[in-house]
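Secondary and tertiary structure notes
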Amino acid sequence: MPQVSMTVNGKPATGDVEGRTLLVQFLRDTLHLTGTHVGCDTSQCGACLVHVDGEAIKACSIFALEVEGAEVTTIEGMANADGSLNTIQQAFQDHHGLQCGFCTPGMVMSAAALLKENPKPSETEIRDYLQGNICRCTGYHNIVKAILAASGQETAIAAE
Amino acid sequence: MPKDHGIGASTKRREDVRFLTGDGHYTDDINLHGQAYVHFLRSDVAHGRLVSVETEEAAKMPGVLRIFTGKDFEAVGSIPCGWLITSRDGQPMQEPPHPVLAQGKVRHVGDPIAAVVAETYEQARDAAEAIMVEIEDLPAVIDMKQALAEGATKVHDDLKDNLCYDWGFVEENREAVDKAIKEAHHVTTLELRNQRLVANPMEPRVAVGDYARHNDESTLYTTSQNPHVIRLLMGAFVLGIPEHKLRVAAPDVGGGFGSKIFHYAEEAFCTFAAKQLRRPVKWTSSRAEAFISDAQGRDHVTKIELALDKDNNFTALRTETYANMGAYLSTFSTSVPTWLHGTLMAGNYKTPLIYVNVKAVFTNTVPVDAYRGAGRPEATYQLERVIDKAARELGVDPLALRRQNFVTEFPYATPVAVEYDTGDYNATLDKLEEIADLKGFEARRKESEAKGKLRGLGVNCYIEACGIAPSNLVGQLGARAGLYESATVRVNATGGLVVMTGSHSHGQGHETTFPQVIADMIGIDANMVEIEHGDTANTPMGMGTYGSRSIAVGGSAMVRAAEKVIAKAKKIAAHMMEASEGDIELKDGQFTVAGTDKSLAWGDVTLAAYVPHNYPLEELEPGLEETAFYDPSNFTYPAGAYACEVEVDPETGKVTVERFAAADDFGNVINPMIVEGQVHGGIAQGVGQALLESCVYDETGQLLTGTYMDYAMPRAGDLPSYVVDHSCRTPCTHNPLGVKGCGEAGAIASPPTVVNAVIDALQSGGHKVDHIDMPVSPARVWQAMQ
């Protein structure tokens, strides 16, 4: 079996994989980083979204071997260095942007990617960006609110 | 300043921290030492006779441990149905067997034929492809009315026909209703379909079976809303394992919406196979598999007739519904179109005569069971659509017509067997008019028209019944289970508490809200209270979470247990302070003696309970732990009013939701933030049903909507922000917290709100359209406008 090496959440990670092993399987089964979830099999739901070299990637849509040498960030690597919730995570808690928690890692990773490319997104821009992340619990209202808050746009929430 | 703790505070959820950092612990995160994997080979035809299943070659494939077929389950029980319905003729419903793996026939696409257990999941799947299955195709029965036609192919050969039951309610009212409709001043009739939906919690189902040889104990980890129910059904009816040799645990569960209430074949299989193979056996559903194996929802075809007198008072209501059961009877399937639907047909209105007829039908489709709202959305949809149509036919204001017929005096006994304890439907409708700014609608309509769009306003009132009960009544109605809830409150020596509840959180936030209640009762910090749920090993027998029952029934059980704890603690405190028990007060975590300055801290008393040196041992046992089982005396009846404004593009038929407002009466509210979140989610599912979602089979029984590329799940861009309000409060009169339940309201009330708005928009454009079936897709709207 071929071996793959990458950096995951700042630490080197190596493992044996089959050619057909997906990045999400490598993260969950080999590295035991079970925060990245699998919610569908057609790359629609976004529960497995991670960052690969800073880009938002659905970890179900890429083979582990394709990520050789890359920097991968998962939900487990998002908290502040002291373990406290980062701004986006904290905003999700403050605004009740999650219920069952299953889509949440993908939502947080997606929100982080959005705010990196667009630090002050409008509500419409947030909703458009989240087309690839399905949540069945929240109706998105509080997710949108959390992302607005994380981007420092408390006024947009007050104006609702 | 809003409260930051206790009852009524929007306390932030403690469970969020683990979910936000990737530390959630879902069933698929469980991997046991020596675990094997199962892959189910499922039928790719909807109906056929199993001629042969050859596994010999497949069994030789790498890693295969064993291949199971229906033969291996001949001595195993059938997956049971939990509710017996009696037909109008007094006969019990037709109840076919439901084997764990198909025996003799396959009856829907997805029916499991064989199960391959192998060292890895990939090996199991590869070997399944090598199994040779010969199926003699039979005609598939898909349409309900065709299924009931004479000479129709039978889904179950041993049954008389495809009719599960023909239920009439209230049968004694039938003739009076017929007469009232015949003699009515006006009758509005509507035929509609409440389409089939797929619940689609984001976490697919998972089951891990384990077996311990040293004590002959089986364990099942599963994605369940009610582990005790699974233990009872699977242990007693399917596998013959007594409860004391079977543990069922549901850790973090990623949403349920009803679909994780039921006992499924895969759970029984993993538990059974683990014992046979002496190895843990794990199954993780793919999403594609979920679409053909999770019980689906709704699928009712209904004709409803509303009779009115010359003053527009409702005089009678008659409905006839065909309810699709699918190929087998799922756990609570039979109760949904009957007791959870017929009893709600009065809605918010004082219609004196109601008759409901339901014909439940077997078809070659995936079984249908409860999905968020379960029966109540179907009732509300028909009723609120027909009222809207009646208002249009009579040329009266739809809100005024509703107000005129509202129930205004409580308690109110409906003609469909339930008694509303409390409510104020005018108050929620008044509140709605305010928060939805209904006065501003005409101006907004003009703005839309200036852009070439048609704007419509839809309003809807609803009532629902939560916390189904009491057990002795539901027993008479055919339920094969009790519907109480349980809680054990264990106080530790240093004053912290653990509440072990039979209720189960799969997103509702019990770990936050339940401690808010306890903290208020004792006057301690909520962080001193821990909630345990989801594991039969450490919780008392409870019925789980569904039907918006957690706080109303589970919370009440917890309150009762905590009251027992406090009563005992007061006795201990009285002894310690040499006072009379009746003089002891507990406030802010301090026991005081009325009229004196004596006091003891909560922790002093709890310590004495476990270190009983100065303790009334002759009267009182040491320790501080109590259990309560709470069986409610009635349902609770949340109610409210919803409004939606849509824009319809006349060029394309596309509908967009522009504004959405909800005014709910949930009685007392423990955590407003969580309640609002529940309403948001319910609205999204309701709008999803109204505009997007539909589970479609072709005439051969192939599922055409088996992935997220075909089944339109609502995305963030499909939905607006919502204005929600729960300030109208008529507390429930019969539970200790005065709470009602909020989990399903949004999903119940939204679909008719949206469809009413679309019809209003089309009518405003001069299109004489009375009704469009859901989902109100651009194609359907465009067609209706032609």
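Everything numeric in this text was worked out from a predicted model, so none of it was measured. (Residues numbered from 1 in each chain as written. Chains lettered and ligands numbered in written order. Predicted model: local features only at pLDDT ≥ 70, side-chain atom pairs only at ≥ 80, totals over all residues. Heavy atoms only, no water.)

**Description of the overall build of chain B**
For chain B, the helix and strand inventory stands at 19 helices and 28 strands. The globule rule puts the C-alpha radius of gyration for 786 residues at 28 Å, and the 27 Å found for chain B is close to it. Summarising its shape, the C-alpha atoms of chain B cover approximately 85 × 70 × 50 Å along the three principal directions. Taking all 786 residues of chain B together, 65% fall into the buried category. At a minimum sequence separation of 6, the contacts of chain B that also span at least 24 residues come to 80%. Summed over all atoms, the accessible surface of chain B reaches about 27100 Å², with 49% contributed by carbon and sulfur. (Helix = DSSP H or I, 4+ residues; strand = E, 2+ residues; numbered from the N terminus. Rg over C-alpha atoms; globule rule 2.2 N^0.38 Å. Buried < 20%, exposed > 50% of the residue type's maximum accessible area, 1.4 Å probe, protein only. Contact = heavy atoms within 4.5 Å. Areas by Shrake-Rupley, 256 points an atom, 1.4 Å probe, with all protein chains shown as cover.)

**Focus: the packing of helix H9 (residues 376-394) of chain B against helix H10 (residues 398-405) of chain B**
Residues and elements named next belong to chain B. Axis separation between H9 and H10 bottoms out at 9 Å; the angle between their running directions is 115°. Crossing of H9 against H10: the hand is right-handed. Contacts between H9 and H10 pair Glu384, Ile387, Asp388, Ala390 and Ala391 from the former with Pro398, Leu401 and Arg402 from the latter. Residues that form the contact of H9 with H10 fall into these classes: five nonpolar, no polar and three charged. (Axes fitted to C-alpha atoms, helices over the stretch in contact; angles between N-to-C directions. Left-handed = near helix turned anticlockwise from the far one by under 90°. Nonpolar A, V, L, I, M, F, W, Y, C, P; charged D, E, K, R; others polar.)

**Overview of the packing of aromatic side chains**
The full count for this structure, using the stated rule, is 28 aromatic pairs over all chains. Plain terms: the ring middles of Phe102 of chain A and Tyr26 of chain B are 5.3 Å apart, the flat faces sit at 90° to each other, and that makes the pair edge-to-face. Linking Phe102 of chain A in the loop between helix H2 (87-94) and helix H3 (104-117) with Tyr26 of chain B in the loop between helix H1 (16-20) and strand S1 (36-42), this pair reaches from one chain into another. Classification of Phe102 of chain A as buried rests on a relative accessible area of 5%. A relative accessible area of 1% places Tyr26 of chain B in the buried class. Taken together, the ring pairs in this structure connect Phe40, Phe68, Phe73, Phe269, Phe272 and Trp283 of chain B into an aromatic cluster. (Phe/Tyr/Trp six-rings, centres within 6.5 Å; stacked < 30°, edge-to-face > 60°.)

**Here we look at the side chain of Thr21 of chain B**
Positionally, Thr21 of chain B belongs in the loop between H1 and S1. Given a relative accessible area of 13%, Thr21 of chain B falls into the buried group. Setting aside its immediate chain neighbours within four residues, Thr21 of chain B contacts Ile75, Glu76, Leu85 and Gln89 of chain A.

**Section: the interface of chain B and chain A**
Listed as interface residues are 52 residues of chain B and, on the opposing side, 45 residues of chain A. The three residues of chain B that bury the most area against chain A are Leu20, Met202 and Arg715 of chain B, which together make up 18% of that side's buried surface. Inspection of the region where chain B meets chain A yields five salt bridges. Arg28 of chain A serves as the salt-bridge partner of Asp29 of chain B, at 2.7 Å between the closest nitrogen and oxygen. Going through the elements one at a time, H1, helix H3 (121-128), helix H8 (287-293) and helix H17 (672-691) of chain B are the ones with two or more residues in the side of chain B that touches chain A. (Buried area = accessible area lost by both parts, 1.4 Å probe. Salt bridge = Lys/Arg side-chain N within 4 Å of Asp/Glu carboxyl O.)

**Structural notes on helix H6 (residues 227-239) of chain B**
All names here are of chain B. Here H6 spans only 16 Å end to end across 13 residues, well under the 18 Å set by a 1.5 Å rise per residue. The buried fraction of H6 amounts to 10 of the 13 residues, a majority that puts the element mostly inside the structure. The set of residues buried in H6 consists of Pro227, His228, Val229, Ile230, Arg231, Leu233, Met234, Gly235, Val238 and Leu239. Its buried side turned inward, H6 meets strand S10 (217-222), strand S11 (246-249) and helix H7 (265-277). One or two residues past the end of H6 sits Gly240, with phi positive at roughly 65°. (Expected span 1.5 Å × (residues − 1).)

**Some points on the domain arrangement of chain B**
All names here are of chain B. Domain parsing of chain B yields domain 1 (27-138 + 202-255 + 260-293), domain 2 (141-199 + 295-406), domain 3 (425-465 + 638-786) and domain 4 (484-630). Relative placement of domain 3 and domain 4: their C-alpha centres are 41 Å apart. On the domain 4 side, the residues contacting the 15 residues of domain 3 number 16 residues. Regarding the contact of domain 3 and domain 4, the summed buried area is about 1100 Å², with carbon and sulfur atoms giving 61% of it. When the buried area of domain 3 at its contact with domain 4 is split by residue, Ile670, Pro736 and Leu737 rank highest and sum to 41% of it. Our count for the domain 3 to domain 4 interface comes out at zero salt bridges. (Domains from an automatic or database assignment.)

**Thoughts on the environment of Met6 of chain A**
All names here are of chain A. Here Met6 is to be found in strand S1 (residues 3-8). Assessed through its relative accessible area of 4%, Met6 is described here as buried. Expressed as a C-alpha distance, the spacing of Met6 and Gly69, which sit 63 residues apart in the sequence, is 4.5 Å. Contact partners of Met6, with chain neighbours within four places excluded, come to Lys11, Pro12, Ala13, Leu23, Phe26, Ala64, Val67, Gly69, Ala70 and Val72.

**Examining the sheet that holds strand S19 (residues 485-491) of chain B**
All names here are of chain B. With respect to topology, four strands assemble into an open sheet ordered S21-S20-S19-S25, the strand pairing being mixed. The open sheet has two edge strands with one neighbour each: strand S21 (529-533) and strand S25 (625-630). Each neighbouring strand pair of the sheet contributes to a mean axis angle of 20°, computed without reference to strand direction. Together, S19, strand S20 (497-501) and S25 form the strand contacts of helix H15 (residues 550-576), whose direction differs from that of S25 by roughly 145°. (Pairing = 2+ DSSP bridges.)

**Looking at the environment of Glu123 of chain A**
Of note, Glu123 of chain A is situated in helix H4 (residues 123-129). Overall, Glu123 of chain A belongs to the partly exposed group, its relative accessible area being 27%. For the pair Glu123 of chain A and Leu148 of chain A, spaced 25 residues apart in sequence, the C-alpha separation works out to 7.4 Å. Apart from residues lying up to four places away in sequence, Glu123 of chain A is in contact with Val144 and Leu148 of chain A together with Ser721 of chain B.

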